[in-house]
Amino acid sequence: RSKEIGKNNYQFYNPIITSKSCQRLQIENLLHQALEKEQFLLHYQPQINIKTGQVLGMEALIRWQHPELGLISPTKFIPIAEETGLIVNIGEWVLRQACLQNQFWQKMGLPPIRIAVNLSPQQFQQPNFINVVTQILKETDLEAHFLELEITETTIMENIDFACQVISYFQTMGVHISMDDFGTGYSSLGYLKQIPLNSIKIDQTFVKDLKEHPQDLAIISAVLAIGRGFNLRVIAEGVETQYQVDLLKKLECEEMQGFKFSKPLTPEDAAKFLWSSPFNS
Ligand code: C2E
Ligand code: MG
Ligand code: MG
Ligand code: MG
């Protein structure tokens, strides 16, 4: 406690840094109890095949509902959870909750879809991570191919040999692996041939300003070509406008996710979205 006060006094002359570090400390303190107090929830964002209208999957996105601070975005607390190690337990909760939800939707008779779960580097690098996933699939009675793990390029590049082993094992289990935020890392493309992926997610930064930056079109079309060459699905993230949809369609990008189709939804609204999707087998 005295250490914290000392720190704040030291930063007295820089009110911006002080308030930022205060906020950080506050979040860190509250984050410790958030799991026990059941303050986390998941929202789900549909992933669409634009040709058929089929909902292929839902991406689980965590939110933190705090009684005083309100709804807190993962961009605010996931980095802190990552630094403090809290992400390991939080991540395990997300996995279990997402698998449970998917199993529940299937039991309700909704068309079966994949549930996509984001992994943070620390979580992925846990030595028992494979066991955790195996156990959760067993517990929730969800078939492995209905789970997709979203791993960023940066996470993979931190230890490519390790990542390759873990991902290969998931492939033998039937769990799908997707590379998130593709194109934003600083890695060479060569590693792609080592990693057995199922899909690539084109980062939303390339989709966002398509109108102003036609160069992004070239990047997207290169990623789509890589996808075809490697026999991977390619999904465009952050699709918001019809203009973007039309351009992506022209490039034969079939899979999209973004506000144009739906914002991340509560479980109830996600189920409604699934019911009303044109492809109900
Ligand atoms: P991400 O995995 O790349 O997720 C996509 C983010 O873009 C989500 O933000 C989503 O709400 C937002 N998004 C989707 N469509 C659009 C669109 O059309 N326009 C715009 N502007 N944004 C769109 P969100 O939910 O705030 O999550 C941010 C990031 O936090 C995620 O990026 C992911 O890296 C991380 N995250 C979220 N949930 C989890 C989790 O359960 N575990 C871990 N480790 N990270 C998570
Ligand atoms: Mg993601
Ligand atoms: Mg992403
Ligand atoms: Mg992202």
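Residues numbered from 1 in each chain as written. Chains lettered and ligands numbered in written order. Predicted model: local features only at pLDDT ≥ 70, side-chain atom pairs only at ≥ 80, totals over all residues. Heavy atoms only, no water.

For the protein, the name recorded in an unreviewed UniProt entry is Diguanylate cyclase/phosphodiesterase with PAS/PAC sensor(S), with Gloeothece verrucosa as its organism.

Caption draft 1: Here's a closer look at the overall build of the protein. What the protein contains, in helices and strands, is 12 helices and 9 strands. Against the compact-globule benchmark of 19 Å for 281 residues, the protein has a radius of gyration of 20 Å, which places it among compact chains. Summarising its shape, the C-alpha atoms of the protein cover approximately 60 × 45 × 40 Å along the three principal directions. Of all 281 residues assigned to the protein, the portion counted as buried reaches 47%. Pairs at least 24 residues apart make up 66% of the contacts formed inside the protein by residues separated by at least 6 positions. Working note: accessible area of the protein is about 14500 Å², and carbon and sulfur atoms make up 55% of it. In the protein, 24 side chains carry a positive charge and 31 a negative one; their mean positions are 3 Å apart. (Helix = DSSP H or I, 4+ residues; strand = E, 2+ residues; numbered from the N terminus. Rg over C-alpha atoms; globule rule 2.2 N^0.38 Å. Buried < 20%, exposed > 50% of the residue type's maximum accessible area, 1.4 Å probe, protein only. Contact = heavy atoms within 4.5 Å. Areas by Shrake-Rupley, 256 points an atom, 1.4 Å probe, with all protein chains shown as cover. Lys, Arg positive; Asp, Glu negative; His and termini not counted. Charge placed at Lys NZ, Arg CZ, Asp CG, Glu CD.)

Caption draft 2: Inspection of the environment of R24 at higher detail. With respect to the helices and strands, the residue R24 is situated in helix α2 (residues 15–34). The exposure class of R24 is partly exposed, given its relative accessible area of 28%. In this structure the C-alpha to C-alpha distance between R24 and F77, which are 53 residues apart in sequence, comes to 8.6 Å. With sequence-adjacent residues up to four places away left out, R24 is seen in contact with I80, E83 and T84.

Caption draft 3: Main features of the coordination of the magnesium ion (ligand 2). Taken together, E59 (OE), N118 (OD1), E150 (OE) and D180 (OD) make up the protein donors of the magnesium ion (ligand 2), found 2.0 to 2.2 Å from the metal. Taking the relative accessible area as the measure of exposure, E59 reaches 4% and is therefore buried. In this structure D180 comes out as buried when scored by relative accessible area, which is 6%. (Donors = N, O, S within 2.8 Å, 3.2 Å for Na, K, Ca; no water.)

Caption draft 4: Representation of the coordination of the magnesium ion (ligand 3) in the model. Protein-derived ligands of the magnesium ion (ligand 3) are D180 (OD), D181 (OD), E237 (OE) and E237 (OE), with the metal-ligand distances lying across 2.2 to 2.5 Å. Sequence spacing among the residues donating to the magnesium ion (ligand 3) works out to D-D-x55-E. For the pair the magnesium ion (ligand 3) and the magnesium ion (ligand 2), the metal-to-metal distance amounts to 3.9 Å, and D180 bridges them.

Caption draft 5: Up close: the site of ligand 1. Around ligand 1 sit 22 residues, and of these R63, N118, Q204, E240 and F259 come closest. Between ligand 1 and N118 there is a distance of 2.9 Å, counted from an oxygen atom to a side-chain nitrogen or oxygen. One of the side-chain nitrogen or oxygen atoms of E237 is found 3.4 Å away from an oxygen atom of ligand 1. Spatially, ligand 1 is embedded in the largest pocket. Looking at the shell around ligand 1, the elements that each hand over two or more residues are β2 (55–66), α3 (74–84) and β6 (176–182). By residue class, the composition of the shell around ligand 1 is 9 nonpolar, 7 polar and 6 charged. (Near = heavy atom within 4 Å. Polar contact = N/O pair within 3.5 Å; in protein donor to acceptor, adjacent residues only side chain to side chain. 1 Å grid on protein atoms, 1.4 Å probe; cavity = no way out; pocket = protein on both sides within 12 Å on 5 of 7 lines; lining within 4 Å. Sits in = over half its atoms within 2 Å of the grid points. Nonpolar A, V, L, I, M, F, W, Y, C, P; charged D, E, K, R; others polar.)

Caption draft 6: Up close: the side chain of Q45. With respect to the element layout, Q45 can be found in strand β1 (residues 40–49). Note on Q45: relative accessible area 7%, which makes it buried. There is a polar contact of 2.9 Å between the side chain of Q45 and the backbone oxygen of S262. Apart from residues no more than four positions distant in its own chain, Q45 is found in contact with G57, M58, E59, L61, Q257, G258, F259, S262, K263 and P264.

Caption draft 7: Highlighting the pairing of strand β4 (residues 114–118). Among the 5 residues of β4, 4 are classified as buried, and the element is accordingly described as predominantly covered. In the sheet, β2 pairs with β4 via 4 bridges, with the strands oriented parallel. Note that in β4 the partner of E59 across the bridge is A116. When β4 meets strand β5 (residues 147–152), the two strands line up parallel, connected through 4 bridges. Within the sheet, the bridge partner assigned to I115 lies in β5 and is L147. (Pairing = 2+ DSSP bridges.)

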